[in-house]
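# Secondary and tertiary structure notes
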Amino acid sequence: MPHTETPGTEAVPATRLRWWTELPLILLVYACYSAGRLVVRGDVADAVDHGLAILRVEQALFLNAEHPLNRLFTREPWIGIPADFWYASLHYLVTPAVLIWLFRSHAVRYRAARTWLMTSTFIGLIGFTLLPTCPPRLLDASHGFVDTMAYYSSYGWWGGEASAPRGLGGMTNQYAAMPSLHVGWALWCGVILWKYGRTRLTRTAAVVYPLVTTIVVMGTANHYFLDAVAGAAVMGAGLLLAPRVMRCADLAKARYLPRFLPRYAPAPAAPSATRSPIVSAGCQTSAGERIPRQRHPESPYGPGTEPGASPSDAGESAPAPAR
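Residues numbered from 1 in each chain as written. Predicted model: local features only at pLDDT ≥ 70, side-chain atom pairs only at ≥ 80, totals over all residues. Heavy atoms only, no water.

A separate point is the overall build of the protein chain. Of regular secondary structure, the protein chain possesses 10 helices and zero strands. Start at the N end of the protein chain and walk to the C end: the helices and strands fall as α-α-α-α-α-α-α-α-α-α. The buried share of the protein chain, taken over its 323 residues, is 37%. For the protein chain, the proportion of contacts with a sequence separation of at least 24, taken over those separated by at least 6, is 79%. In the structure as shown, the protein chain presents an accessible area of about 19,900 Å², 65% of it carried by carbon and sulfur atoms. (Helix = DSSP H or I, 4+ residues; strand = E, 2+ residues; numbered from the N terminus. Buried < 20%, exposed > 50% of the residue type's maximum accessible area, 1.4 Å probe, protein only. Contact = heavy atoms within 4.5 Å. Areas by Shrake-Rupley, 256 points an atom, 1.4 Å probe, with all protein chains shown as cover.)

See the structure below:
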């Protein structure tokens, strides 16, 4: 059965990618994302209104996975505490690990997959900007949600403000719930592991990781179910746009990069190894061949009488050999 490629992930890089250029690029993109997520906080009242609107839509669609999961995580510490660790850490560990694995093991596919991830991330940032949303844990207690991150904060490094370390809650935007990039990035990891993993373990992780992440973000009251759906939709949009983004990047590189690079005179072409220079002015002889009527300067014999000379070399005046 032929192996089919997912659109947007089959591009072959024109030049070999290097880790010392990729790492600064990824750090720069993540810094821009974090800064934009921090700056674009939105109005708290609008964020709360958007959160309540999502709840009303889910009620109209008979969707209510958040409440039973949140009650389970709050009632059972053996579930709630690992879930908080999952939410606070794996988001920042698994995604870079999959990127590094892909870079080392499937370098030909890396650029397309990385572009897909970055494009989707910036689309998510647009969502945070246009639709600041209060997560369930920050709604009024009358809505029935418990902030498990704050509830179990004594077990981890986080405080009562999202997954930020204690004292650094002001460095994060707590109203960036729509879409859920925890789910989006986990889905990206799952697709990459399923597509390029060759073992049963990687295939299992490809299914378990995004599924458990979706359950965790709802059970910890950090996201609504529709946030998770939006996270998956953002990844789908990024997948469709990634080929165009790569084409635009290639065009910009071809147009502007030469202006910043030093120009060198082209090196002279090396002579072909299959053609040797002719030094005999067109007269070529094979090994051991002598030119007719040419006498060696030190030969004591006459023309055509050198040892081994053929009769034709002696000319017409040479006697014929005895028979």
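The next thing to look at is the nonpolar core. Counting residues in each nonpolar core, the largest one holds 25 residues, and the members touching the most others are V98, L102, W116, L117, W188, C189 and I192. Sorting the residues of this core by element identifies helix 4 (77-105), helix 5 (107-130), helix 7 (181-196), helix 8 (200-219) and helix 9 (225-260) as the ones contributing at least two each. Looking at this core element by element, the count peaks at eight residues for helix 7. Excluding anything up to four places from it in sequence, V98 contacts W188, C189, I192 and L193. (Core = buried A, V, L, I, M, F, W, Y, C linked by side-chain atoms within 4.5 Å.)

Let's shift gears to the side chain of T202. Structurally, the position occupied by T202 is in helix 8. Engagement of the side chain of T202 in a polar contact is seen with the backbone oxygen of T199, the distance being 2.8 Å. Dropping the residues within four chain positions of it, T202 is found in contact with L193 and G197. (Polar contact = N/O pair within 3.5 Å; in protein donor to acceptor, adjacent residues only side chain to side chain.)

A cluster of nonpolar side chains, F85, Y155 and W157, forms an exposed patch at the surface whose accessible area comes to about 310 Å². Checked against the element boundaries, W157 lands in the loop between helix 6 (148-151) and helix 7. (Patch = residues over 30% accessible without salt bridge, like charges linked within 9 Å, V, L, I, M, F, W, Y side chains within 5 Å. Salt bridge = Lys/Arg side-chain N within 4 Å of Asp/Glu carboxyl O.)

Within this structure, the stated rule accounts for three salt bridges. Linking R75 and E76 is a salt bridge whose minimum nitrogen-to-oxygen distance equals 3.8 Å. Here R75 falls in the exposed class, since its relative accessible area comes to 54%. Residue classification places E76 among the partly exposed residues on the basis of a relative accessible area of 24%. We note a salt bridge from D250 to R111, for which the minimum N-O separation is 2.7 Å. Of this pair, D250 sits in helix 9 while R111 sits in helix 5, and the two are 139 residues apart along the sequence. Here D250 falls in the partly exposed class, since its relative accessible area comes to 36%.

A separate point is the packing of helix 3 (residues 66-75) against helix 4. Look at helix 3 against helix 4: their axes get within 5 Å of each other, and the N-to-C directions meet at 105°. The angle between helix 3 and helix 4 places the two elements in the roughly perpendicular class. Judged by residue contacts, L72, F73 and R75 of helix 3 engage P77, I79, G80 and A83 from helix 4. Taken together, the residues of the contact of helix 3 with helix 4 break down into five nonpolar, one polar and one charged. (Axes fitted to C-alpha atoms, helices over the stretch in contact; angles between N-to-C directions. Parallel < 35°, antiparallel > 145°, perpendicular 65-115°, else oblique. Nonpolar A, V, L, I, M, F, W, Y, C, P; charged D, E, K, R; others polar.)

So, about the side chain of T133. Positionally, T133 belongs in the loop between helix 5 and helix 6. Its relative accessible area of 0% is what places T133 among the buried residues. Polar contacts involving the side chain of T133 include one to the main-chain carbonyl oxygen of L131, which spans 2.9 Å. Setting aside residues up to four positions removed in sequence, T133 forms contacts with A47, H50, G51, I54, Q174, Y175, A176, A177, M178 and Y224.

What follows is about the confidence of the model for the protein chain. With 63% of its residues at a pLDDT of at least 70, the protein chain reaches an overall mean of 78. This model gives residues 1-14 a pLDDT under 50, and the stretch forms 29 contacts once residues within four places in sequence are excluded. (pLDDT = per-residue confidence, 0-100.)

By secondary structure assignment, the location of V57 is in helix 2 (residues 44-60). When its relative accessible area of 41% is taken as the criterion, V57 is described as partly exposed. Taking the C-alpha atoms as reference points, V57 and L226, 169 residues apart in sequence, are found 9.0 Å from one another.

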